[in-house]
Amino acid sequence: MSVTESRIPTTAKYTPPLQSERVFRILVEGVRDYAIFLLDPVGNVASWNPGAERIKGYTAQEIIGTNFSNFYPQVDRDAGKPEYELKVAAETGRFEDEGWRIRKDGSRFWASVVITRVCDENGKLIGYGKITRDLTERRIAEQRYRLLVEGVSDYAIYSLDVNGNVTSWNAGAQRIKGYNDFEILGKHFSSFYTPEDAAAGMPAKVLQTAADTGHFEGEGWRMRKDGTRFWSSVVVTPIRNDEGILIGFSKITRDVTDRKKLLDQIQKHAEELELRIAEREQTNAELEAFSYSVSHDLRAPLRAIEGFTQAFIEDYGKDVPEQGLEYLSEVTAASKRMNRLVQDLLNFSRLGRIHFEMQPVRVAEMAQEAIKQLSEGREFVHVRDLDHLRAVAHPQTLVQAVSNLVSNALKFVSPEKTPEVVVSAERIGECVRISVKDNGIGIASEHQEKIFQVFERLHGQEQFPGTGIGLAIVKRGIQRMGGRVGLQSKPGEGSTFWVELPEAAENV
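Just so it is clear, the model here is predicted, and its values are computed rather than measured. (Residues numbered from 1 in each chain as written. Predicted model: local features only at pLDDT ≥ 70, side-chain atom pairs only at ≥ 80, totals over all residues. Heavy atoms only, no water.)

Draft legend 1. Quick look at the sheet that holds strand β5 (residues 155-160). Across the sheet, four strands lie side by side as β5-β8-β7-β6; this open sheet has antiparallel pairing. Sheet topology places β5 and β6 (216-223) at the edges, where each strand pairs with a single neighbour. When the angles between neighbouring strand axes are averaged without regard to direction, this sheet yields 30°. Where β6 lies against strand β7 (residues 229-240), eight bridges are found, and the strand directions are antiparallel. Within the sheet, the bridge partner assigned to Glu-219 lies in β7 and is Ser-233. Lying on the sheet, helix α11 (residues 202-213) is in contact with β5, β6, β7 and β8 (246-255); it crosses β7 at an angle near 40°. (Pairing = 2+ DSSP bridges. Helix = DSSP H or I, 4+ residues; strand = E, 2+ residues; numbered from the N terminus. Axes fitted to C-alpha atoms, helices over the stretch in contact; angles between N-to-C directions. Contact = heavy atoms within 4.5 Å.)

Have a look at this one:
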């Protein structure tokens, strides 16, 4: 027989090294995050590991042989809680709980406790194994979170189980929905939905969407306990454990009824405003069509008046007294003024009706063309700084606008002054500004807005003749091209009228 065989009798039971009691004791004594110890059948401490000493504060010599009820608050000892826990473990094999426990120094800690029944080979109870973990920090964090949630009154914050039953309820939920916690806990959250939404399966869809996508957010009508409705903003988030298994949902609801009413009022006002704008645009269109028709129809009789008056003077002028000739001259002048007024009205009306073909144009060419249209005063107009600048415009409309501005600049000058008009241009941001500066009579600030309106005149016909439509034509034409108009002026110091149009993005 070999030496090895002599050391292990054939009748002895072999215990693998990792299953030996010594290895198990080393393992337990090496654990410091858990208190792991044994109790005898009546609850006296029979073993004590370093984790138990660290968590509870007792050394092994101090605690072994004493009853484990020393770890419980007096109120729990008076209620028989230690004995109850051993009774449950003995009957069912296991007891698990969380609660306050006491250290040697009298301080409390929140403990997670597991007590397991220990029996011998014959099934006889020989004691208990007890594992305790200090979860005080988690407990404090949970309490702070609960206090925070429960203290919020502007939001309903509560939780649901996987089936949608209410499992927690804060003060905000009670205020918004009207239920006390004892009335709603355990009830299905579909109670908060309108009958039509509940019948359509909306609650189930909300939970399914949250579970599938990780989030649900929406707004809609919800029901209070008293049957009234409120408009709610809702966020539902799934709650999963460490393994990713769905264990419930968190739900945040806010009453935004006041905001809903305000938005509805704004929407209603917007619709009314759009209707009024449409009605005004229709009215304006009808007025423009009417003015265009009237203006067009007036031209023929005006030409007839002017023509027949001129023919009468030519054929019978020698037989008409001098005063009569003056009257006829006034008729001719008035018909000419009326004809110019009608023509300006036609131009103004046409600007609101025609379709503009916008294109890149050279500012210098537009200014030169505008000056050519002047019947007089060209020698007093100077062009500067226009080279290389291009704008996006309707050529004929831009020429007419610049021509009107230059014509006004030549007209509104004191009799004792020689007109001086400068047409220039500059780049401002993404626009080109064309300016017409004069040395005229100037315009007070309180009149600078209204002079762009139709028939607005600041002076009498005898002092400065005109139709009162020229600047209105400028403003409408420039705005139709996507630009804007303005001026800088002071009485007696001249004026600078300007128009701005988008700068052309390409060479022309």
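Draft legend 2. Layout of a nonpolar patch on the surface. On the surface, a nonpolar cluster with roughly 260 Å² of combined accessible area is contributed by Ile-239, Ile-245 and Ile-247. Position of Ile-245 relative to the elements: it lies in the loop between β7 and β8. (Patch = residues over 30% accessible without salt bridge, like charges linked within 9 Å, V, L, I, M, F, W, Y side chains within 5 Å. Areas by Shrake-Rupley, 256 points an atom, 1.4 Å probe, with all protein chains shown as cover. Salt bridge = Lys/Arg side-chain N within 4 Å of Asp/Glu carboxyl O.)

Draft legend 3. The environment of Glu-420, seen in detail. Within the fold, Glu-420 resides in the loop between α15 (395-411) and β12 (421-428). A C-alpha to C-alpha distance of 5.8 Å links Glu-420 and Asn-439, two positions 19 residues apart in sequence.

Draft legend 4. Quick peek at the confidence of the model for the protein. Here the protein shows a mean pLDDT of 82. Residues at 70 or above account for 81%. Here residues 1-12 scores under 50 on pLDDT; set against residues more than four positions off or in separate chains, the count is one contact. (pLDDT = per-residue confidence, 0-100.)

Draft legend 5. View of the packing of aromatic side chains. Applying the stated criterion across every chain, the model contains 13 aromatic pairs. On the numbers, 5.5 Å between centres and 90° between planes, the contact of Phe-68 with Tyr-72 is edge-to-face. Exposure class is identical for Phe-68 and Tyr-72. Each is buried. With a centroid separation of 6.3 Å and 85° between ring planes, the pair formed by Tyr-84 and Phe-95 is classed as edge-to-face. (Phe/Tyr/Trp six-rings, centres within 6.5 Å; stacked < 30°, edge-to-face > 60°. Buried < 20%, exposed > 50% of the residue type's maximum accessible area, 1.4 Å probe, protein only.)

Draft legend 6. Seen up close, the sheet that holds strand β2 (residues 94-102). Spatially, the four strands line up as an open sheet ordered β1-β4-β3-β2, and their pairing is antiparallel. The sheet terminates laterally at β1 (34-39) and β2, the two strands that pair on one side only. Geometrically, the sheet is characterised by an average inter-axis angle of 25° between neighbouring strands, direction not taken into account. Here nine bridges tie β2 to strand β3 (residues 108-119), and the two strands are oriented antiparallel to one another. The partner of Phe-95 across the bridge, within β3, is Ile-115. The strands touched by helix α6 (residues 81-92) are β1, β2, β3 and β4 (125-134); relative to β2, the strand with the most contacts, the crossing angle is about 165°.

Draft legend 7. Here's a closer look at the pairing of β5. Counting buried residues along β5, five of its six residues qualify, which places the element largely inside the surrounding structure. Where β5 and β8 come together, six bridges link them in antiparallel fashion. Each residue of the ladder has a partner; that of Ala-156, found in β8, is Thr-253.

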